[in-house]
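# A closer look at the structure
Below, each chain spelled out in residue letters.
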Amino acid sequence: MEHVDVAIVGGGPAGSSAARAAADHGADAVLLEKGVPRADREGRGPDSTDAAGLLDYWFEIMGIPRSEFPEDVVLSELDGAKFYGPSTEMTLTETGIDAAADTFGVTFHRARFDDWLRERAEAAGADYRVGVSVTGVETDLHGSPRHTVRLANGEDLAADYVVLADGPQRTVTGETLDQFLPVGRSMGDIMPSNEVNHIAYQEHRRMPEELFTPEFIEFWWGVMPGHTAYPWIFPNDPPVARIGLTMPIGLDIDDYDRSEWDLLRETDEGIPQGREYVERLLEREFQAYDLDDFPLVEDRGKARGTETYPISSTRPIESPVGAGIAVTGGAMGATSAFHEGGDHVAVRTGTLAGRLAATDRLERYNDAWHRAIGDEILRNVTFADMVRDWGPTDWDRAFTTANDLMDARGIKADAALQGGLHGLELVARYKWGKFGYRNGKYVQLREDDYAV
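Keep in mind that what you see is a predicted model, and the values were worked out from it rather than measured.

## Some points on the sheet that holds strand β4 (residues 74–78)
- An order of β3-β7-β4 is seen for the three strands of this open sheet, with the pairing classed as antiparallel. On the outer flanks of this sheet lie β3 (53–55) and β4, each paired with one strand and no other. Going from strand to strand, the sheet's axes swing by 20° on average, the running direction of each strand aside.
- Note that β3 and strand β7 (residues 105–108) share three bridges and pair antiparallel. Looking at the pairing, Gly53 lines up with Thr107 of β7.

## Side note on a negative patch on the surface
- On the surface, a cluster of negative charge is made up of Glu209, Glu210, Asp290, Asp292 and Asp293.
- As for its position among the elements, Asp290 is in the loop between α7 (274–285) and β16 (306–312).

## Side note on unusual backbone geometry
- In this structure, Pro145 follows Ser144 across a cis peptide bond, with omega equal to 0°.
- If you trace the backbone, Pro145 turns up in the loop between β9 (134–139) and β10 (147–151).
- Following Pro238, the chain continues to Pro239 via a peptide bond in cis, the omega torsion being -5°.
- Tracing the backbone shows Pro239 in the loop between β14 (230–235) and β15 (240–248).
- Phi at Arg304 takes a positive value of approximately 55°, unusual for a residue other than glycine.
- Checked against the element boundaries, Arg304 lands in the loop between α7 and β16.

## Overview of the side chain of Ser16
- For Ser16, the location among the structural elements is in helix α1 (residues 13–24).
- Given a relative accessible area of 1%, Ser16 falls into the buried group.
- Here Gly11 takes part through its backbone oxygen, which lies 3.2 Å from a polar atom of the side chain of Ser16.

## Overview of the confidence of the model for the protein
- Confidence in the prediction for the protein averages 90 pLDDT; 94% of positions are at 70 or higher.
- Ignoring residues within four places in sequence, the model shows residues 411–419, a span with pLDDT below 50, making 16 contacts including any to other chains.

## Observations regarding the sheet that holds strand β12 (residues 197–206)
- One open sheet holds the seven strands; their spatial order is β6-β5-β13-β14-β15-β12-β16, and the pairing between them is mixed. Strand pairing shows two members of the sheet lacking a second neighbour, β6 (89–92) and β16, which therefore form its edges. On average, each strand axis in the sheet is tilted by 20° relative to the strand beside it, whichever way the strands run.
- Pairing analysis gives six bridges linking β14 to β15, with the strands arranged antiparallel. Residue Ile233 lies in a different strand from β15, and its bridge partner there is Ile243.
- Set on the sheet, α7 makes contact with β12, β13 (216–220), β14 and β15; between it and β12 the angle comes to about 55°.

## A short note on helix α3 (residues 110–123)
- Here α3 contains 14 residues, and its C-alpha end-to-end distance of 20 Å stays within 8% of the 20 Å for a straight helix at 1.5 Å per residue.
- Taken as a whole, α3 has its buried residues at Arg110, Ala111, Phe113, Asp114, Trp116, Leu117, Arg120 and Ala121.
- For α3, the secondary structure elements touched by its buried residues are α1, α2 (58–62), β7 and α8 (343–358).
- A positive phi of about 110° marks Gly125, the residue just after α3.

## As for the environment of Thr267
- Relative to the helices and strands, Thr267 is located in the loop between β15 and α7.
- You can call Thr267 exposed: its relative accessible area is 68%.
- The spacing of Thr267 and Asp79 is 188 residues in sequence and 40 Å in space, taken between C-alpha atoms.

## Description of the packing of aromatic side chains
- Tallied over the full model, the rule gives 21 aromatic pairs.
- Each residue in the set Phe83, Phe219, Trp221, Tyr230, Trp232, Phe234, Trp390, Trp395 and Phe399 is aromatic and connected to the rest through ring pairs, giving one cluster.
- Taking NZ or CZ as reference, Lys82 lies 4.7 Å from the ring centre of Phe216, over its face.
- The residue whose ring lies beneath Arg120 is Trp116, and the NZ or CZ to ring-centre distance is 4.7 Å.

## Here's the deal with the environment of Asp360
- For Asp360, the position within the fold is in the loop between α8 and α9 (365–386).
- The exposure class assigned to Asp360 is exposed, which follows from its relative accessible area of 53%.
- For Asp360 and Ala27, which are 333 residues apart along the polypeptide, the C-alpha to C-alpha distance reads 9.9 Å.

## Details of the nonpolar core
- Counting residues in each nonpolar core, the largest one holds 108 residues, and the members touching the most others are Phe69, Phe113, Val149, Phe219, Tyr365 and Trp369.
- Here this core gets nine residues from one element, more than from any other, and that element is α9.
- The contacts of Trp369, once residues within four sequence positions are left out, are Pro316, Ile317, Glu318, Met332, Thr349, Leu352, Gly374, Ile377, Tyr442 and Val443.

## Observations regarding the pattern of salt bridges
- Per the counting criterion, the structure on display carries 25 salt bridges.
- Between Arg110 and Asp114 there is a salt bridge, with the nearest N and O atoms lying 3.1 Å from each other. Of this pair, Arg110 and Asp114 are both found in helix α3, four residues apart, which corresponds to roughly one turn of the helix.
- What makes Arg110 buried here is its relative accessible area of 12%.
- Accessibility expressed as a relative area gives 0% for Asp114, which makes it buried.
- The residue Arg129 makes a salt bridge to Asp127 at a minimum N-O spacing of 2.8 Å.
- We classify Arg129 as partly exposed; its relative accessible area is 23%.
- Each member of the salt-bridge network shares a partner with another, and the members are Glu203, Arg205, Arg275 and Glu279.

Conventions we followed
- Residues numbered from 1 in each chain as written.
- Predicted model: local features only at pLDDT ≥ 70, side-chain atom pairs only at ≥ 80, totals over all residues.
- Heavy atoms only, no water.
- Pairing = 2+ DSSP bridges.
- Helix = DSSP H or I, 4+ residues; strand = E, 2+ residues; numbered from the N terminus.
- Axes fitted to C-alpha atoms, helices over the stretch in contact; angles between N-to-C directions.
- Patch = residues over 30% accessible without salt bridge, like charges linked within 9 Å, V, L, I, M, F, W, Y side chains within 5 Å.
- Areas by Shrake-Rupley, 256 points an atom, 1.4 Å probe, with all protein chains shown as cover.
- Salt bridge = Lys/Arg side-chain N within 4 Å of Asp/Glu carboxyl O.
- Lys, Arg positive; Asp, Glu negative; His and termini not counted.
- Charge placed at Lys NZ, Arg CZ, Asp CG, Glu CD.
- Buried < 20%, exposed > 50% of the residue type's maximum accessible area, 1.4 Å probe, protein only.
- Polar contact = N/O pair within 3.5 Å; in protein donor to acceptor, adjacent residues only side chain to side chain.
- pLDDT = per-residue confidence, 0-100.
- Contact = heavy atoms within 4.5 Å.
- Expected span 1.5 Å × (residues − 1).
- Phe/Tyr/Trp six-rings, centres within 6.5 Å; stacked < 30°, edge-to-face > 60°.
- Lys NZ or Arg CZ within 6 Å of the ring centre and 35° of its normal.
- Core = buried A, V, L, I, M, F, W, Y, C linked by side-chain atoms within 4.5 Å.

Next up, the structure:
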């Protein structure tokens, strides 16, 4: 059986970053990626589906300076973001968080980004293997090496350390961590993918040139039901945009008043499919145009201009580092459906895991990722909890108040006074929510919970 220092499961941003960091620090690192086809990629690669945007301060979280980000990956330079309620809107032109990047952010081509990260990993000396499916990881805490990585082709791999980077579906992570949970507990109960994940759907469409705004990403809130459910338009290369939506899995339309939500119809017998939602958004926003004015660009995305993918929408977990295992990115729940994306935290957690595994210091991983991305997770978890039960009128009221509370850089010093009682309530709820999750209390499965 082949023996390696570090085996990485999954070749997306977290996995590639882990492989690069491990190889950079002298480890024999092997990355195992099953590979999926895409219309806009030669050959197979990771499941590169995302809304794919990066805000200015996210480059610092990633640990990749904006100046090193390849220009052929960038699609649009952003000046800001527009947020719409059912009858209100708000524009931000700065994130309000200090950053070295001199723009609000960028949209980028996710498949090219993944391919670039793979090139960096291979240049560092990592062995990136595509077309290899991992069926499980078995651990013998007293063995040497400790881990046997089971492969579908029967050519198993022995490894001293394992980095799990298989994304929010956690097809390998779940059963691997089950080995270390007390009897009666399982990852299927703690983080069931059909409950703690959102589903996202997007289409690559060519827009009328007069409607294409490459400087802004746009989000609509309170127009479709579900916790942190919203459609968006992300500019690609002019005049192509990604038009899509995020929503929880398994919604029941009978739980909602159809007349209350702009993208529902009284005749709907179930929650609309992604394509129907996109068409309704276009009809709502661009009433002077026909759907034929927004044709699909069929040589983009995973299949004929469309893609469907899961997004983690749960609170994160710590890793059983005592067993020589680190969980990264979407698999650990570090990414977030609230801000639509998590490539920056995936890259950072993968980098930390790879470096610490290569230098035999993986026991420091949980503390390291808390320091690196804890503030980002704290913001996202707190905001997501605040809006959990909001309906359309709540979003309209929030955006009206937010225009009083905020300037381009974020919360004003006298925000509560300018926003009135509702402004005071919003600020207080946010601060109280952050206080409740302080010191890493946003974690739902701690290192001490594992039987290691």
